[in-house]
Amino acid sequence: LDFSGQGQAQSDGMGPSSVDYGVVAEIVYDEADYSEIQTTAGEDLSPVKALYLSAEQVTAETLGSISAQLSSIGANALVLEMKSTQGTLGWYSSVPLASSYGTNGTLDIASAIAPLKEEGIWLVARISCCIDEYMAIRNAPLALATAAGTVYSDTAGIWLDPSNTDVRQYTADLAAELLSLGFDEVLLSDLYV
């Protein structure tokens, strides 16, 4: 826009004066040209086919022999339920809340998954965040309460309060520990009612 022309102040006597520059602005929309943009999205990605093991199936013996089964179905990933809706952990955790309330497992998961990592298998740890029967019963302040003040449960199980900072910290601590033990990814389930 060129505002270099001579403007004249105008006022209708009702408010501040305005200046008329005698210029009419026009907005022009051009079609976008993306021909020069180089995209790399999706490159170097390979399909993922995973096998899921429930908490009961996650044992040192199962993990020791799972490689052949993965190969036979063409899977390149393994999803392990490491915290069930009961609240039990599928490994021995150093997170204090797990030890304090008796939800700890006994498996040395880092040693159990190390051979799978060496084979290049993508390892996913699935943890139930807010459906946790043992923690809700054993540490009642963490439980989600109904309007009547009772512990909330439904067909999925007994719920922890997702807005409770201790519940959030417990979940974050478990996830961080699983990643440090060798998992490539943590899958959070049961986050809300």
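For the structure itself, look to the data block above.
Notes on the structure follow. (Residues numbered from 1 in each chain as written. Predicted model: local features only at pLDDT ≥ 70, side-chain atom pairs only at ≥ 80, totals over all residues. Heavy atoms only, no water.)

### Details of the packing of helix 1 (residues 60-73) against helix 3 (residues 109-118)
For the record, the criterion: To obtain an axis, a line is fitted to C-alpha atoms, over the contacting stretch when the element is a helix, and the angle between two such axes runs from 0 to 180 degrees between their N-to-C directions. Helix numbering and strand numbering both begin at the N terminus, where a helix is a DSSP run of H or I of at least 4 residues and a strand a DSSP run of E of at least 2. If an angle is under 35 degrees, it is roughly parallel; if it is over 145, roughly antiparallel; if it lies from 65 to 115, roughly perpendicular; otherwise it is oblique. The handedness criterion is simple: a crossing whose near helix is rotated anticlockwise from the far helix by less than a right angle is left-handed, and one whose near helix is rotated clockwise is right-handed. Note on contacts: a residue pair is in contact if any heavy atoms of the two residues lie within 4.5 Å. Residue type decides the class: Asp, Glu, Lys and Arg count as charged, Ala, Val, Leu, Ile, Met, Phe, Trp, Tyr, Cys and Pro as nonpolar, and the leftover types, Gly among them, as polar.
Close contact between helix 1 and helix 3 brings their axes to 9 Å; oriented N to C, the two are set at 15°. Judged by the inter-axis angle, helix 1 sits roughly parallel to helix 3. Along this stretch, helix 1 crosses helix 3, giving a crossing that reads as right-handed. For the pair helix 1 and helix 3, the contacting residues are L63, I66 and S67 in the first and I109, A112, I113 and L116 in the second. Each residue belonging to the contact of helix 1 with helix 3 can be placed in one class, and the counts come to 6 nonpolar, 1 polar and no charged.

### Here we look at unusual backbone geometry
Just so we agree on the cut-off: Think of it in three bands: residues with accessible area under 20% of the maximum for their type are buried, residues over 50% are exposed, and the middle band is partly exposed, with areas taken using a 1.4 Å probe on protein chains only.
With a phi close to 55°, D190 is a non-glycine residue in the positive phi region. Topologically, D190 is positioned in the segment after strand 8 (185-189). In this structure D190 comes out as partly exposed when scored by relative accessible area, which is 21%.

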